[in-house]
Structure formats: C-alpha cells, structure tokens
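Working through the structure, step by step
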Amino acid sequence: MKRKFLYLVLTGLLVFGASSAIAQSKISGDVVKIGVLTDLSGLYSDLSGQGSVIAAQMAVDEMGGKVAGKPVQVISADHQNKADVGANKAREWYDREGVDMIVDVVNSGVALAVTKVAAEKHKLFIDTGAGSTRLTNEDCNPYMIHWVYDTYATGTVTGKAVVQNGGKTWFFITADYAFGKSLQQDTTNAVQAAGGKVLGAVTHPLNASDFSSYLLQAQSSKAQVIGLANAGGDTINSIKTANQFGITKSQKLAALLMFITDVNALGLNTAQGMYVASSWYWDQNDNTRKFGKAFFNKTKKMPTMDQAGVYSAVLQYLKAIQKTGTDDADAVVKQLKSTTMSDAFMTNGKIRADGRLIKDFYLFQVKSPGESKYPWDYYKLLSTIPGDQAFQPLSLSRCPLIKK
Amino acid sequence: MRIAGYAVMLAIGLIAPHVYYPIFLMRILCFALFASALNLLLGYTGLLSFGHAAFFGAAAYVTAYVAKERDFSPAAAVITGVVVAALLGTAVGLVSIRRLGIYFSMVTLALAQLLYFICLQAPFTGGEDGIQGVPRGHLLWKLDLGNDMVLYYVVYVIFLASYYFIYRVVHSPFGQVVKAIRENEPRAISLGYDVNRYKLVTFILSATLAGLAGSMKAIILTFVTLTDVDWRTSGEVVLMTLLGGMGTLFGPSVGALFVVTLDTQLSDRVGPLVTVLIGAIFMVCVLTLRRGIVGEIIALYRRVVGNSHHG
Amino acid sequence: MTEVFGVPISALFGQLMLGLVNGCFYAMLSLGLAIIFGMLNIINFAHGAFYMMGAVCAWILLNNFGLGYWWALLIVPVGVALFGVIIEQTMLKRLYRLDPLYGFLYTFGLAQVIEGLFRYKYGVSGLPYETPDKLLGAVNLGFLFLPEYRAWVVVVSLVVCFATWFIIEWTPLGAYLRAATENPQIVQAFGINVPVMITVTFAIGVGLAALAGVLAAPATQVSPLMGANMIIVVFAVVVIGGMGSILGSIITGLALGLIEGLTNVFYPKATNTVVFFIMAVVLLIRPAGLFGREK
C-alpha cells in the first residue's frame, strides 16, 4: 500500500518535471502579447479584476484582433496584491512568455516592483490601476507610462474642494503601503496650501478587518474631516464602520480615491454628497456612454476609470504599433509620447517625458437617491480641471529622466 | 555505487539551467537549502521550529537593504544577512529552547510572528511594499551576477558547499550527540551532556543556514517582501522537509523541488487551490508517509539489499 | 473633556472596550484549544479555521438561505461542531497515540485545506454581514460611546466561557472529562465510554470556536483569512496562560485583549506585537505559563 503510494508520488514528480520542460519550448515570437496583471480575487477586484481583462479584449477586438500583420493575444494573471507574486509573474511573462506589454497592475506596491522588472527587461509597462506618484517621480523609467490617475491628482482635487467647503482640520486613515502614504502626502500638501491643517493620522494594514479602533482615534482627534487615504474594500469598510459608530454625525468623511464600484457597493444613501475626483465617468458624453454600455453588456456593471483606462491604453498601444510597424518597446514608447491621443477615455491626451499621461480631470459629487434617475446614475459634475493643473507640474518632478 | 549517484546528480545540476528557466531553478536551490537547514533541527534534533521564516526573511531584508541602500557588494550583503540571521537565531533559541516538544513549536511560531510585525512597521523594510530593485552586482570584480546563468552557477556552488557543511556536521561527533539527544534525552543528560547547549548550537546553525538561503533569495529575485517572514512560508518549508523525508540528507531538497514546482505550475491555473493541495499533501504525509519520499526510498532500498544479504 | 495621561477619556474607554471584545474572542478560542489539547493531546491548528467557518457560515445562512443572525447563533455552532465530529472520527483518531507534533502538523494541513477552499469560493476581500436590527444603535455613557452589539458580544462570551468553566470544574460530567484526561484506561474500566467523551469534547471545542465566529461576523469583516490571523495570537495567549488551566485561559485571553486595547491608545505601533512580546517575557520568567502546570 505504501509502496504504491510512493510510486504514484515519484511518477507525479516525473510528470511535473516533464510538463515544465514541455511548457518551456512554447515561446511566442510572432504574436503581440498583452498581459493584464491585476487583482482578480481581492479587495480591488471589483474596480479592476476581470473587468480589466474584458476591457483589454474589447480594445483588441476593435483593432480587428491583428496589428501590423501579427495576431494580438491577451493573457491575464492574479497578482493577489502581493509584490513578489506580481514581480515574479512580470519577470516570467517578459522572459518566457514573450509578453510585450503589461497593463493594469492595480496596487502601487506591485506596480513599483513591476516597473523595476520592466526597466530591467526593456519592455513596456502601462499602469492604469495604481496611484502612487513614485511611478513618475523617484521610480520613473523610460518604459513606464502612468495612464489614468495618480494620488497627486485625486488627493489635490478632493482636498482642495473639501477645504473650500469648510473642512479645515483633517485626520487621515491611511492604508499602510506605497499608495496610501502617497495619497496622504499629496492630500496633506493640498490641504495645507488651501489653508487647512492636518491634526494627525493613523495607518492600517491593507484589507484590514476592523476599522473601529482607527475611527475611534479619528474621532478623538476632533478633526472636522476624516480623510480616507485608502481604496476599494478598505474605503467601503471605513465608511460603513464610521456610520455604525455614529461618527458621520459630527465629522465629514473624505474618500480621497473612490471608484464607481465603491459607490455602487455603498449605495447612494450612504455615499450621497461625497466628493469624487475622477479621471473618467461613463455618463459624460456619447463616446463614454457608448463604451460604458458595451462594457455593461458584457459584465453587468459600468466600467470604472481603471477599466476604461485599460481599454484606452491597449487601444493606443496597438495603434502605435500599427504606425511604427514594430512592437519594439523603445520605438513604441517614442511613438506614444509624440502623439496626441483621443478615444472613449480621453480627448487630446498627451504623455509627458516622465511617463505621465496628461488629460482632463473632473470633480464630481455623489447624487442623492432622489437625484438619481437610472441605474448607475451616480455622479453630478461640479467642475473640470485641465490636465496641466490637475497633475503634478514638471517643475516639482523628482524623476531622473527630466533634465532640469 | 554511491559515488556514481552523486556524480549523476552533480551533472544534472550543471546542465539544468540550459534546459529550465534559471530563476526557477535558483528558487528551488534556495528553498532546498532552507528546508535542509530546517531539517538539521527537525530531522536530527527532533525540534520542530515553525517560525524559521523569521531567519530566512530577516536575512533577506538585511541583505536587500545593505545591497540597495548602502551599496554593499553582493558578497558583503549576503555575509551581513547571514550574520544577522545567526544573531537572531541565538536570541530566539535562548528564549525557546527552554520549552519542550509542541510548546517549542508554538513559541517559535509566535516569535516569528513578532518579527513579522516588526518588519511590517520598520521603516527600512518598506512595509507592505517590501524592498525592490536589489542590485545583483558583481562577484570577485569579474562575475556579472546580473546574468542569470552566471548567478546560477554561483548559487549552485554555494548550495553544494552548504550541503557539504551539513553533511559534515551530521556525521561529526557533535552530530552523534545531537542524534542521541533526539533518541533518548534523559539518557543523554545522565551521560553528562549539556543537552540544552547542544540544542541551542544546532538551532543557531540551522538559523544561520536558513539566513543564507534568504540572503541569496534577495539577490536572485531582487526583491524581498513580507511573504518571506510570513508564517505560511515557515509552514511550507516544514512541508518540504516532511514530504521529502525528515532526517535524511536529500529529503528536504526533493521536497523543495516538488513543492516549488507544484507552486509554479499550478498557481496560475487554480489559484487558492494550490493551498488546498499543499494542505492535503501535508495531511496525507502525516498519516501515511511519515518517512517522506526519500525516507521511503531508503527503507525500500534497505529491504531489498537486506533481503539479498540474508538470502 | 476629561483627559487621562493626555488622552481623552472617551478614546481610552473606547479602545478598552474594543480590546475587551477582542479579549472575549481570545478567551473563547483559547478555552476551546485548551479543552481539545487536554482531552485529545492535539494542538488544533485548525481552530482558527473553525472560527472562520463560523463567521462565513453565518454569512452563507443569511445570503443563501435568508436566515438571519439569531438563527445563525443556534445553527452554525452546531453545524460546524458536527463537521468537527466527522473530522475527528475519520482523521484525528489515528493521531492520538502519536507525538502531539503530528497532530499539530496534521491540523495545520487541515487548516490550509479549509482556508484554501473557502478562499477559492469567496475570495479574500470581506463578505459584508450586517449587525442584527435589534442590536443596532449605541448607548452614550458619557465617558464611553458603547455600540449595543459589542456589549452583547461581551455578555454572551463571558456567559459562555464561565458556563463552560463551571461545567468542567464543578459538575460530574466535567469530572469525568477531567479524569479521562488524566487516566483514560481507569476511567474506561469504570464503564465510562472514553472515546465518546473525546468526540464530545472536540465537538464542544469546535462549537465554541464557531460561536466566536458568528459573534464576530457583524463586528469585523468576514473573510476566509480571519482564522489564520487569529490562531497565532491565540497560540501566544495559550502559551502565556499555560495549557493546564481552563480559568487561566479565560482570564489570560481577556487580560491580553485589554492590554492590546491599552497599547493601542498609548503606543499604537506596538499593538500587533505586544502579545508576542509578553509571551517572550513570560517564557523567560515562568516557562510553564502563568497558570500552567507542566504535564
């Protein structure tokens, strides 16, 4: 009995050995491969996840599945919000699977790891999901393009709006990793510039299970505004717990990064009146509505700015290959950085030398249940901020690529 | 006969990077070393440390930090990491050796968790982001470790040297005493041996080698994250040792080969089910395959050879 | 607003209250762990997984069957306990005679399997479980803003813990259990069915864990990962308290929860580590644990 099991195990070993050897030999050459590296099952999966993969495929389909004579293939993987899983996958993809471009990578910790791999391998990485401004400052490199938003944009726009509305004293609840810290820092700068004051902050682990003790600390600070420097599931839970503890009666909550899927999960009753600084909303014009409805038909949800960004990034990438006739990263990056781009996601967007895509930014407010007329009618537009004002000016850039 | 076997294994090790992805192989070597380090403690002393990732991860963090932020050469960085692991091993060992059996395991687990949270907070570890972009550097001014192939052979040499070291320790008079302690501790005490000191020294050696594995991992994969000090990593390496064969020389390496391959091949296709599979293998091992793969092979071999001698 | 050591009183008591709630969970879980170890000689690594199952099953009951919190409190601990009995009968039985090491490893594997399966089905981000309507709302005591639900948790936990302690220490059933721990053969010779006692004990331990899970569901995020994070702290609690004493486990659990709460007020950075730090200190001074008796 034991012996049989032993043989089974040994056979298993051999099979694995053989299969990995076989898997080795299928290295692609004549295919443009796009890798969607995202959070498929964790706290960011609603705002990106499978939706991002579908968005990427939509862009490929729009180009007819082929570019410059070569077929295009989209593959995906779950980085599980772990930098090591993400970096290993990126390395494997670039080295062995012949992936030419990696897109999405929601989660700044993973993005920071992947951008290093991309720089090492001289292959393209377009980040649509992560927020940390480090990607276009300290950790910038020629192969990295930051597409949709960053913590400077959302933090500054929201921070300024809230201060101007009377929220002068702030206390932050911050996700304890690159993104959260980046968001807290950028918002702090904006708040102070607008005449406000930061009374304190507390950090929490990513995907924290219980926000009560953090909110209690926020409450005892007596700040007028509790700034939530986190995203996705963490933001949702912070807001829910704040309601549970009656904190919203005396203090205002400011979600410094919010996606439409968060509003959907919270419900308009809880989320109404909150400010949302966003790069894109499905109900802005006919182009955006067309894309939104097509996406909705496939997923039963309206796309977030990240998912729309994935569509746009893949589309523009393929168009660039079409123009240059090659998928060589250096040529494509040069083409992308010299083109003014328009599609369902943006009008006249341009990529700067530091890898930052500049486009218009918007300040929305969440509608009350009475104001919402149809499903996913969640936002009303308060103001439009031109790209060169929303994003960090080049003069403040800490990116080594920018020569001063 | 034995020498032929070793020669074959050596040859496989030398040709392997030309057939398989070198990074994948180096991960196997790292974990094989890590598991063998644990085996020194578990297989030969009978002490189950469930917090060995603390040494692995701490050394990895230190190596990554000094290599990236302080411009240490890879050799110096690795040595620094190993030294830190040894010191940490001494501290943890002193606290935990006093407890026997299962308490020892729970204590090591809890102490490792303490280190995990310290790593989470400490500024230099980068918290949840970890440390990325660790420079590979050059060895002996000539060998460019940025080249995966070159790095592989360097790692392979270090691996073989460590293995030889373990072999010597196990077969030394020191090793004999340690085995005696595992077999019958009261008797060893009555023979006048300072049992605790032997256990402590073994613990420190084990922690140091685990640290070496961790330091190498930092250089090979160029990043370190909290996963490296997570108790799940400790659990995985216990599984490798158990599955491969506790108390055998090659068991842990076989276990590492199996588990890393499983992890790499399956984690894309089935995600969290890999955890389920690993857990299930663990359970089966404990119930029926306690000697591990290599242990069973050795037992089989002995039965066959033994029969032919008596026949 | 009155202040104590520079901290507003409502914040201090707020954190202490949260710490007490955590302490209740620690107490219930370490109690279960101690009982199981006493009878079965197995350190149940899967205890955290059963806690998690309690919470997730409560969620499943609500989402898939429309049965709310009060049903969950009754059905889930029993259901998970039954599951525990199946595990005990089919798998754990073979491990009793072996070194507790193997039980530890086996239940570790079991915990991974359970957690992995739930993770596969439900992902890692939380499953929302709303506080039951009867317990919504809070009482403002002036020095403390006390959510009703958390007060309820404390009351239930304390009642359950002390009831268990009472049964074990002061009733004939408990006496049989304790005797069977000391010397199973003699107890068996007296005509008492020891294997049944063992199964019952395991079921009680698991049930306690699952109950803690149901209690936790409205308060913390329900997630397949919640057990793993808990179990290691509970191990530390058990090492500090010592495995021999039931009352010791309860008291240690509650005390450590309070200490964690206190730490969160004055030195939040150390909240996660304070339990392990205390464990290290206790090990150096009193290796058998504060209330423990070395077997």
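Here the structure is a predicted model, which means the values were calculated and not measured.

1. Some remarks on the overall build of chain C
In terms of regular secondary structure, chain C is built from 11 helices and four strands. Over its C-alpha trace chain C gives a radius of gyration of 19 Å, about what one expects of a compact globule, namely 19 Å for 295 residues. Referenced to the eigenvectors of the C-alpha coordinate spread, the extents of chain C come out at roughly 65 × 50 × 35 Å. Looking at chain C residue by residue over its 295 residues, the buried ones come to 60%. Across chain C, every contact between residues at least 6 apart in sequence was considered, and the portion connecting residues at least 24 apart equals 77%. Counting 12 positive and 11 negative side-chain charges, chain C places the averaged centre of each group 8 Å from the other.

2. As for the state of the cysteines
As enumerated under the stated definition, the model contains one disulfide over all chains in all. For C140 of chain A, the disulfide goes to C399 of chain A, at an S-S distance of 1.9 Å. Since a negative S-S torsion denotes a left-handed disulfide, the C140 of chain A-C399 of chain A link at about 85° is right-handed. One end of the pair, C140 of chain A, is in the loop between β5 (124-127) and β6 (144-146); the other, C399 of chain A, is in the segment after α14 (387-390), with 259 residues separating them in the sequence. Cysteine C119 of chain B shares no disulfide, and the gap to the nearest cysteine sulfur, in C30 of chain B, comes to 18 Å.

3. Observations concerning the interface of chain C and chain B
Listed by partner, the interface residues are 43 residues for chain C and 36 residues for chain B. Here chain C packs against chain B, burying approximately 4,000 Å² in sum over the two surfaces, 79% of which is carbon and sulfur. At the boundary of chain C and chain B, one finds one salt bridge. Ionic pairing is found between R232 of chain B and E115 of chain C, a salt bridge with its closest N-O pair at 2.8 Å. Inspection of the region where chain C meets chain B yields two residue pairs in polar contact (both at pLDDT 80 or more).

4. So, the packing of helix α3 (residues 53-68) of chain B against helix α4 (residues 74-96) of chain B
Residue and element names in this part refer to chain B. Where α3 contacts α4, the axes come no closer than 8 Å and their chain directions differ by 145°. When you trace α3 past α4, the crossing you get is right-handed. From α3, A54, F55, A58, A59, V62, T63, V66 and A67 reach across to α4, where they touch A77, V78, T80, G81, V84, A85, L88, G89 and V92. Looking at the contact of α3 with α4, its residues break down into 13 nonpolar, four polar and no charged.

5. Let's talk about empty space enclosed by the protein
Counted according to the given criterion, the structure contains 10 cavities of 30 Å³ or more. Together, 13 residues line the largest cavity, and A49, A111, E115, G227 and A228 of chain C are the ones closest to its centre. Of all elements in the fold, only α2 (47-65), α4 (100-122) and α9 (226-241) of chain C reach the threshold of two or more residues within the lining of the largest cavity. The element best represented in the lining of the largest cavity is α4 of chain C, accounting for four residues. Class assignment for the residues of the lining of the largest cavity results in nine nonpolar, three polar and one charged. Of the voids in this model, the second largest cavity is the one considered here, and its volume is about 80 Å³. As for the second largest cavity, its lining consists of N88, E92 and R96 of chain A together with Y21, I23, F24, R27 and T264 of chain B. Every element with two or more residues in the lining of the second largest cavity is listed here: α3 (83-97) of chain A together with α2 (22-45) of chain B. Taken together, the residues of the lining of the second largest cavity break down into three nonpolar, two polar and three charged.

6. Overview of the sheet that holds strand β14 (residues 361-366) of chain A
All names here are of chain A. Taking strand neighbours across the sheet as the criterion, the three strands line up as β11-β14-β15 in an open arrangement whose pairing is antiparallel. Lying at the two open borders of the sheet, with one neighbouring strand each, are β11 (275-278) and β15 (379-385). Adjacent strand axes in the sheet meet at a mean angle of 25° when their direction is disregarded. With four bridges joining them, β11 and β14 adopt antiparallel strand pairing. Bridge pairing links A277 to L363 in β14.

7. Here we look at the sheet that holds strand β9 (residues 225-229) of chain A
Residues and elements named next belong to chain A. Taken together, four strands build an open sheet; the order of strands is β8-β7-β9-β10 and the sheet is parallel. If you trace the sheet from one side to the other, it starts and ends with β8 (197-204) and β10 (252-255), each paired once. Pairwise comparison of adjacent strand axes, ignoring direction, gives a mean angle of 20° for this sheet. As judged from the seven bridges shared by strand β7 (residues 169-175) and β8, these two strands associate in the parallel manner. From the neighbouring strand, W170 faces β8, where its bridge partner is V198. Here helix α5 (residues 151-164) sits on the sheet and contacts β7, β9 and β10; the angle it forms with β7, its principal contact strand, is near 150°. Sitting on the sheet, helix α7 (residues 212-221) touches β7, β8 and β9, and the angle it makes with β7 is about 165°.

8. Quick look at the packing of α5 of chain A against helix α6 (residues 178-193) of chain A
Residue and element names in this part refer to chain A. Two numbers describe how α5 lies on α6: the axes approach to 8 Å, and their chain directions differ by 40°. Here α5 is positioned oblique relative to α6, judged by the angle of their axes. The two elements α5 and α6 meet at a crossing, and its hand is right-handed. Each of T151, Y152, T154, G155, T156, G159 and V163 in α5 lies in contact with α6, whose residues at this interface are F179, S182, L183, D186, T187, A190 and V191. The class makeup of the residues in the contact of α5 with α6 is six nonpolar, seven polar and one charged.

9. Structural notes on the interface of chain C and chain A
Taken residue by residue, the interface counts 20 residues in chain C and 16 residues in chain A. Taken over both partners, the interface formed by chain C and chain A buries close to 1,600 Å², and the fraction arising from carbon and sulfur atoms is 51%. At the junction of chain C and chain A, the tally comes to one salt bridge. Salt-bridge contacts for D210 of chain A lead to R150 of chain C; the nearest nitrogen and oxygen are separated by 3.8 Å. Linking chain C with chain A are two residue pairs in polar contact (both at pLDDT 80 or more), by the criterion used here. Secondary-structure elements contributing two or more residues to the side of chain C that touches chain A are α1 (9-40) and β4 (145-147) of chain C. With four residues, the top contributor of residues to the side of chain C that touches chain A is α1 of chain C.

10. Examining the pattern of salt bridges
If charged atoms from side chains of opposite charge come close, those side chains can pair. Residue and element names in this part refer to chain A. Going through the model one piece at a time under the given rule, you end up with 27 salt bridges over all chains. D139 is paired through a salt bridge with R134; the nearest N and O atoms lie 2.9 Å apart. One salt bridge connects R289 with D283, and the closest N-O pair in it is separated by 2.7 Å. Judged by its relative accessible area of 25%, R289 falls in the partly exposed class. In the salt-bridge network here, residues are joined through shared partners; they are R91, D95, E120 and K121.

11. Looking at the environment of Y177 of chain A
You can see Y177 of chain A is positioned in the loop between β7 and α6. Here the alpha-carbon distance between Y177 of chain A and S132 of chain A, two residues 45 residues apart in the chain, equals 9.7 Å. Not counting the four nearest positions on each side in its chain, Y177 of chain A is found in contact with Y44, N107, S108, G109 and L206 of chain A together with E128 and D129 of chain B.

12. Comments concerning the environment of M230 of chain C
Checked against the element boundaries, M230 of chain C lands in helix α9. Placed 181 residues apart in sequence, M230 of chain C and A49 of chain C show a C-alpha to C-alpha distance of 9.3 Å.

13. Thoughts on the confidence of the model for chain A
All names here are of chain A. Taken residue by residue, chain A gives an average pLDDT of 87. The fraction at 70 or more is 92%. Across residues 1-8, where pLDDT falls below 50, the model places 11 contacts with residues more than four positions away in sequence or in other chains. In this model, residues 18-28 is a region of pLDDT below 50 whose contacts with residues beyond four sequence positions or in other chains number 12 contacts.

Conventions and cut-offs
- Residues numbered from 1 in each chain as written.
- Chains lettered and ligands numbered in written order.
- Predicted model: local features only at pLDDT ≥ 70, side-chain atom pairs only at ≥ 80, totals over all residues.
- Heavy atoms only, no water.
- Helix = DSSP H or I, 4+ residues; strand = E, 2+ residues; numbered from the N terminus.
- Rg over C-alpha atoms; globule rule 2.2 N^0.38 Å.
- Buried < 20%, exposed > 50% of the residue type's maximum accessible area, 1.4 Å probe, protein only.
- Contact = heavy atoms within 4.5 Å.
- Lys, Arg positive; Asp, Glu negative; His and termini not counted.
- Charge placed at Lys NZ, Arg CZ, Asp CG, Glu CD.
- Disulfide = S-S within 2.5 Å.
- Buried area = accessible area lost by both parts, 1.4 Å probe.
- Salt bridge = Lys/Arg side-chain N within 4 Å of Asp/Glu carboxyl O.
- Polar contact = N/O pair within 3.5 Å; in protein donor to acceptor, adjacent residues only side chain to side chain.
- Axes fitted to C-alpha atoms, helices over the stretch in contact; angles between N-to-C directions.
- Left-handed = near helix turned anticlockwise from the far one by under 90°.
- Nonpolar A, V, L, I, M, F, W, Y, C, P; charged D, E, K, R; others polar.
- 1 Å grid on protein atoms, 1.4 Å probe; cavity = no way out; pocket = protein on both sides within 12 Å on 5 of 7 lines; lining within 4 Å.
- Points joined across faces, edges and corners; volume = space filled by probe spheres on them.
- Pairing = 2+ DSSP bridges.
- Parallel < 35°, antiparallel > 145°, perpendicular 65-115°, else oblique.
- pLDDT = per-residue confidence, 0-100.

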